[in-house]
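Fold and contact review
Listed below are the residues making up each chain.
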Amino acid sequence: MRITSLANPTIKALRALRQRKTRDEQGRYLIEGIRLVAEAIQCRAPLDMLIVAPELLTSAFAHELVDNYAGSGGKVLTVSAEVFTSLAGKEHPQGIAAVGRIQYTPLAELPAANVGWVALVEVADPGNLGTVLRTADGAGFSGVILVGATTDPFDPAAVRASMGALFSQTVTRASWAELIAWCRARQITLVGSSDRGASDYRTTPYRQPLVLALGSERQGLSAEQLADCDLVARIPMRGRSDSLNLAVAAGVLMYEITRGH
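What counts and how
- Residues numbered from 1 in each chain as written.
- Predicted model: local features only at pLDDT ≥ 70, side-chain atom pairs only at ≥ 80, totals over all residues.
- Heavy atoms only, no water.
- Buried < 20%, exposed > 50% of the residue type's maximum accessible area, 1.4 Å probe, protein only.
- Helix = DSSP H or I, 4+ residues; strand = E, 2+ residues; numbered from the N terminus.
- Arc of directions from axis to C-beta.
- Polar contact = N/O pair within 3.5 Å; in protein donor to acceptor, adjacent residues only side chain to side chain.
- Contact = heavy atoms within 4.5 Å.
- Pairing = 2+ DSSP bridges.
- Core = buried A, V, L, I, M, F, W, Y, C linked by side-chain atoms within 4.5 Å.
- Axes fitted to C-alpha atoms, helices over the stretch in contact; angles between N-to-C directions.
- Parallel < 35°, antiparallel > 145°, perpendicular 65-115°, else oblique.
- Left-handed = near helix turned anticlockwise from the far one by under 90°.
- Nonpolar A, V, L, I, M, F, W, Y, C, P; charged D, E, K, R; others polar.

So, about helix α9 (residues 176–186). Considered for burial, the residues of α9 that qualify are Trp 176, Leu 179, Ile 180, Trp 182 and Cys 183. Buried residues along α9 cover an arc of 165° about the axis, so they all sit on one side. When the buried face of α9 is taken as reference, the exposed residues oriented beyond 90 degrees from it are Ala 177 and Ala 185. In the stretch just after α9, Gln 187 is the one whose phi turns positive, near 55°.

Right, here's the structure in full:
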């Protein structure tokens, strides 16, 4: 069956996944594009279905991907190009998307990590969140712990910016108090970052596994949160700017932490 109506109830429910409220209610989110769908399947991310517009799907690799998914018992929803375009979040859609199931790993169930995790405290920008996930994956970290009221890691902008790392990294939610208790109970070093940090990030001793805590784009970590950290690293600023973009700072620190390991 091929859906051609923009008013089809299934399509309307899928289109509503652009909104965080609906994603939270349905427990689902959209994954768009050949690369991201392929990464989701290869990483065994939990999926409800694939959505395919045959007129738009010109990639032989993507056709093979769909055939293999269907052959393994996966559901494939076939739609017209017009219907697919109404679901797509970008111009020139590639004709393939997936519906993923939202899952968070409970803090108590996080597996052991060689390097550690990144804690993002009230991060507001989904692009930053997705970029941190991508960098964490590249640097050998195991995942991201979202602390407090953060943006949605399943927002389309975060999914795109993660470039598939959303499917290989663990994503956890916790309060600051819960994070502190968890680190203390497991003797995990909590490393903060601030322009008020006591030591240069290049000379700071990093004992792994650790949690690298970064504050919000506007406020950073509070004085109380910095006091809870085992150590606080500082990235020197040599120009007029007084801080780096959150995702850039996270990347600088993650790669310094893993240097020599």
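Past the structure itself, the notes keep going.
Before going further, it helps to examine the side chain of Thr 172. Here Thr 172 is to be found in strand β8 (residues 170–174). Residue Thr 172 is classed as buried on the basis of its relative accessible area, which comes to 0%. A distance of 3.0 Å separates a polar side-chain atom of Thr 172 from the backbone oxygen of Thr 105. Setting aside chain neighbours within four positions, we find Thr 172 in contact with Tyr 104, Thr 105, Pro 106, Leu 107, Leu 110, Val 144, Ile 145 and Leu 146.

Once that is clear, we can look at the environment of Ala 247. Along the polypeptide, Ala 247 turns up in helix α11 (residues 246–257). With a relative accessible area of 9%, Ala 247 lands in the buried category. Each C-alpha atom, one on Ala 247 and one on Leu 214, is 9.5 Å from the other, the two residues being 33 residues apart in sequence. For Ala 247, the contacting residues outside a window of four places in its chain are Asn 128, Thr 131 and Val 132.

Turning next to the pairing of strand β11 (residues 210–214). Along β11, 5 of the 5 residues are buried, which leaves the element largely enclosed by surrounding structure. Of the two faces of β11, the one lined by Leu 210, Leu 212 and Leu 214 and the one lined by Val 211 and Ala 213 are each fully buried. Across 4 bridges, strand β9 (residues 189–193) lies against β11 in parallel orientation. Paired with Thr 189 across the two strands is Leu 210, which belongs to β11.

Here we take up the nonpolar core. Ranked by size, the top nonpolar core spans 53 residues in total, and within it Ile 31, Leu 120, Phe 141, Phe 167, Tyr 206 and Met 254 carry the most contacts. Residues in contact with Tyr 206, not counting those within four places in the same chain, are Val 191, Tyr 201, Leu 231, Ala 233, Leu 253, Glu 256 and Ile 257.

Attention now goes to the packing of helix α6 (residues 126–139) against α11. In the contact formed by α6 and α11, the axes pass within 9 Å of each other and the chain directions differ by 10°. By the angle between their axes, α6 is roughly parallel relative to α11. Here α6 and α11 pass one another in a crossing that is right-handed. In contact with Asn 128, Thr 131, Val 132, Thr 135, Ala 136, Gly 138 and Ala 139 of α6, α11 contributes Leu 246, Ala 247, Ala 250, Gly 251, Met 254 and Tyr 255. In terms of residue class, the contact of α6 with α11 is built from 8 nonpolar, 5 polar and no charged.

In a beta sheet, neighbouring strands pair by backbone hydrogen bonds and run either parallel or antiparallel. Reading across the sheet, the 7 strands line up as β8-β7-β6-β11-β9-β12-β10 and stay open at both edges, with parallel pairing between neighbours. Looking at strand neighbours, the two that pair on one side only are β8 and β10 (199–200), the edges of this open sheet. The pairing of β10 with strand β12 (residues 231–234) spans 2 bridges and is parallel. The partner of Ser 199 across the bridge, within β12, is Ala 233. Packing of α11 onto the sheet brings it into contact with β6 (116–121), β9, β11 and β12, and relative to β11 it is tilted by some 160°.

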